[in-house]
2 protein chains.
Amino acid sequence: MVRLLHFPLDPFSRRIRMTLSEMGIACELLEERPWEAREDFIALNPAATLPVLIDEDGTVCAGVEAAGAHLDETRAGQHLSLWGTGPAQRAEVRRMVAWFDGKFHHEVTSPLLMEKIVKRFVPAAQGGGSPNMNRVRSAIAALKDHLGYIDHLTSHHNLLAGNDITIADLAAACHLSVADYTGDIVWDGVPDAKAWYQRIKSRPSFRPLLADHVRGITPSANYAELDF
Amino acid sequence: MVRLLHFPLDPFSRRIRMTLSEMGIACELLEERPWEAREDFIALNPAATLPVLIDEDGTVCAGVEAAGAHLDETRAGQHLSLWGTGPAQRAEVRRMVAWFDGKFHHEVTSPLLMEKIVKRFVPAAQGGGSPNMNRVRSAIAALKDHLGYIDHLTSHHNLLAGNDITIADLAAACHLSVADYTGDIVWDGVPDAKAWYQRIKSRPSFRPLLADHVRGITPSANYAELDF
């Protein structure tokens, strides 16, 4: 069986879990806390990034790009490609994924995850402790802007890159789901973005993410609600 | 003809220029300065990242991932794939590319490029001006560490991911070439890394990069030397 080293609230781990589920591939989840720098984990991926996918034949795919491309290249023959059909749509899907993994992650997901979640687990000597509320406030302000962009994109289609689900939807929803867990999303004024997130949230591939609980950190009240 | 919006010292633009050349694809280069936020550029790529590849059929590929994957998917039938042969090598190549584009870029290329190059072109009100020498010193210290890693990788093979050239070599060399232009590489103590960089530097696909000059910023003395 495919194995996946993941952390429940890591947006990149979440995307590969959703990808596997959308492609109908069963997988064994192994929780990893990259900041603990476990020796066997670092041996698999010296960059210490998540997720790490280990395929049935032992192929190790370190990082979301390698894991996703590997699944598309080795399994897409059996499934509709989540990366889009045809060069133009594939280019558009990748542009969006790069936007969410670059700008959105840097400005929103990464600071929220670090300040509100990871700092609780990391010893003070390694930078753990209370959240830096200035960073949290900046992240929430950026999130508000970016929700407007998602609202704009989803006012034209049911989904981000057309009417079929793609990796762009998975990437966006997984990043947003972290801010949803920490209770930092305000849905007022972005009805198309909200309707889009409801559509993604109701997919069977998203359900397991809604059951994730990180010890000691309760998700926001509406986190697991499909009608929020 | 393929067109490429690029900036001469952007490591991601450089990689796609090398990729096109290695694949034997002619291209028209159009210099872009992303910080100027030119309207037609932002319309093509709202994230304002480089490069942007415009294929002959009009397909727009924004960002290095989209551009590279597009070339591999639409042209690799005619060429040996630079992304490696077989799932295991492709996963390893992508792991390395993610390491250079993530960690190396964040710690070395991005601060050197911003502090030493881009700040000269950007108005003071937008953050231009003198380089922050603390950031430059941190980048040089990180570069020294990472050269040791490249030395380690290249002590086993001629090239980073085996004996054939891959996108991992192009990614690494293009990031390093920025630090080479700014004169911040010290080759003492890393003979295998140096021999590897000499091999890449002598490839025809690298030559045009050696002729790049950014107005007002002279490259280091050895920048264009194949025997340095």
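Computed from a prediction, not measured in an experiment: that's the story for all the values here. Per-chain numbering applies: the sequence of each chain, read as written, is numbered from 1 onward. All chains are assigned letters beginning at A, and all ligands numbers beginning at 1, according to the order in which they are written. Only residues with pLDDT of at least 70 get local features here, since the model is predicted, and only at 80 or more are side-chain atom pairs given and counted; chain-wide, interface and lining totals rely on the full set of residues. Note: side-chain values were computed over all heavy atoms of the structure, leaving out hydrogens and water.

Undergrad: How should I be thinking about the overall build of chain A in this particular structure?
TA: Numbered from the N terminus, helices here are DSSP runs of H or I no shorter than four residues, and strands are runs of E no shorter than two. If you tally the helices and strands in chain A, you get 8 helices and 4 strands. Going residue by residue from the N terminus, the α and β elements of chain A occur as β-α-β-α-β-β-α-α-α-α-α-α. The C-alpha atoms of chain A give 17 Å as radius of gyration, which agrees with the globular expectation for 228 residues (17 Å, within 12%). Each principal axis of the C-alpha atoms in chain A carries an extent, and together these give about 50 × 50 × 25 Å. Summary of the burial criterion: residues with accessible area below 20% of their type's maximum are buried, those above 50% are exposed, and those between are partly exposed, where the area comes from a 1.4 Å probe applied to protein chains only. Counting across all 228 residues of chain A, residues that qualify as buried make up 55%. Sequence separation of 24 or more characterises 69% of the internal contacts of chain A that already satisfy a separation of 6 or more. Accessibility throughout is a Shrake-Rupley quantity obtained with a 1.4 Å probe, and a residue counts as covered only by protein chains that appear here. For chain A, the accessible surface area stands at approximately 9700 Å², while carbon and sulfur atoms represent 50% of it. Charged residues are defined narrowly, with Lys and Arg counted positive, Asp and Glu counted negative, and His plus the chain ends left uncounted. Working definition for charges: the position is that of NZ of Lys, CZ of Arg, CG of Asp or CD of Glu. Charged side chains of chain A number 23 positive and 29 negative; the gap between the two group centres comes to 4 Å. In this description the radius of gyration comes from C-alpha coordinates, and the expected globular size is given by 2.2 Å times residues to the power 0.38. In this analysis, two residues are considered to be in contact whenever any of their non-hydrogen atoms come within 4.5 Å of each other.

Undergrad: Could you clarify how one ought to interpret the domain arrangement of chain A in this entry?
TA: It is common to report an interface's size as the accessible area lost on association of the parts. Residue and element names in this part refer to chain A. Domain ranges listed in this record stem from an automatic or a database domain assignment. What the domain assignment lists for chain A is domain 1 (2-78) and domain 2 (87-206). For domain 1 and domain 2, the distance between their C-alpha centres works out to 20 Å. With 16 residues of domain 1 at the contact, the number on the domain 2 side is 24 residues. Taking both partners together, domain 1 and domain 2 bury about 1700 Å²; carbon and sulfur atoms supply 68% of that area. Reported buried area values correspond to the accessible surface (1.4 Å probe) lost by two parts on association, with both partners' losses combined. When the buried area of domain 1 at its contact with domain 2 is split by residue, Leu 9, Met 18 and Trp 35 rank highest and sum to 37% of it. Criterion for a salt bridge: a side-chain nitrogen of Lys or Arg within 4 Å of a carboxyl oxygen of Asp or Glu. Joining domain 1 to domain 2, the criterion identifies 3 salt bridges. Taking the shortest distance from any N to any O, the salt bridge between Glu 22 and Arg 203 comes out at 2.7 Å. Residues adjacent in sequence count toward polar contacts only when both atoms are side-chain atoms; beyond that, a polar contact is any pair of N or O atoms within 3.5 Å, and within protein one must be able to donate a hydrogen and the other to accept it. On the surface where domain 1 and domain 2 come into contact, there are 5 residue pairs in polar contact (both at pLDDT 80 or more). Listing elements by their share of the side of domain 1 that touches domain 2, those giving two or more residues are helix H1 (11-22) and helix H3 (64-75). Top element by residues in the side of domain 1 that touches domain 2 is H1. It accounts for 8 residues.

Undergrad: Mind showing me how you'd approach the nonpolar core here?
TA: The tendency in soluble globular proteins is for nonpolar side chains to be buried side by side. Residues and elements named next belong to chain A. For our purposes a nonpolar core is just a set of buried Ala, Val, Leu, Ile, Met, Phe, Trp, Tyr and Cys residues, chained together by side-chain atoms within 4.5 Å. In terms of nonpolar packing, the biggest core is built from 76 residues, with Leu 53, Ile 117, Leu 160, Leu 176, Trp 187 and Trp 196 touching the most fellow members. Ranked by the residues each element gives to this core, the list is headed by helix H4 (residues 87-121), at 12 residues. Formed jointly, this core draws a minimum of three residues from each of two domains, domain 1 (2-78) and domain 2 (87-206). Leaving out residues up to four positions away in the same chain, Leu 160 has contacts with Met 96, Phe 100, Ile 150, Leu 153, Thr 154, Ala 168, Asp 169, Ala 172 and Trp 196.

Undergrad: I tried to follow helix H5 (residues 133-154) of chain A on my own but got confused; where do I start?
TA: Residues three or four positions apart in an α-helix share a direction because the helix packs 3.6 residues into each turn. Residues and elements named next belong to chain A. Take the residue count of a helix, subtract one, and multiply by 1.5 Å to get its expected span. Look at H5: 31 Å from first C-alpha to last across 22 residues, which is about the 32 Å you get at 1.5 Å a residue. Restricting attention to buried positions, one finds in H5 the residues Val 136, Ala 139, Ala 142, Leu 143, His 146, Leu 147, Tyr 149, Ile 150, Asp 151, Leu 153 and Thr 154. In the core, the buried residues of H5 are packed alongside H4, helix H6 (167-181) and helix H7 (191-201). The N-capping residue of H5, defined by a side-chain oxygen 3.0 Å from the backbone nitrogen of Asn 134, is Asn 132.

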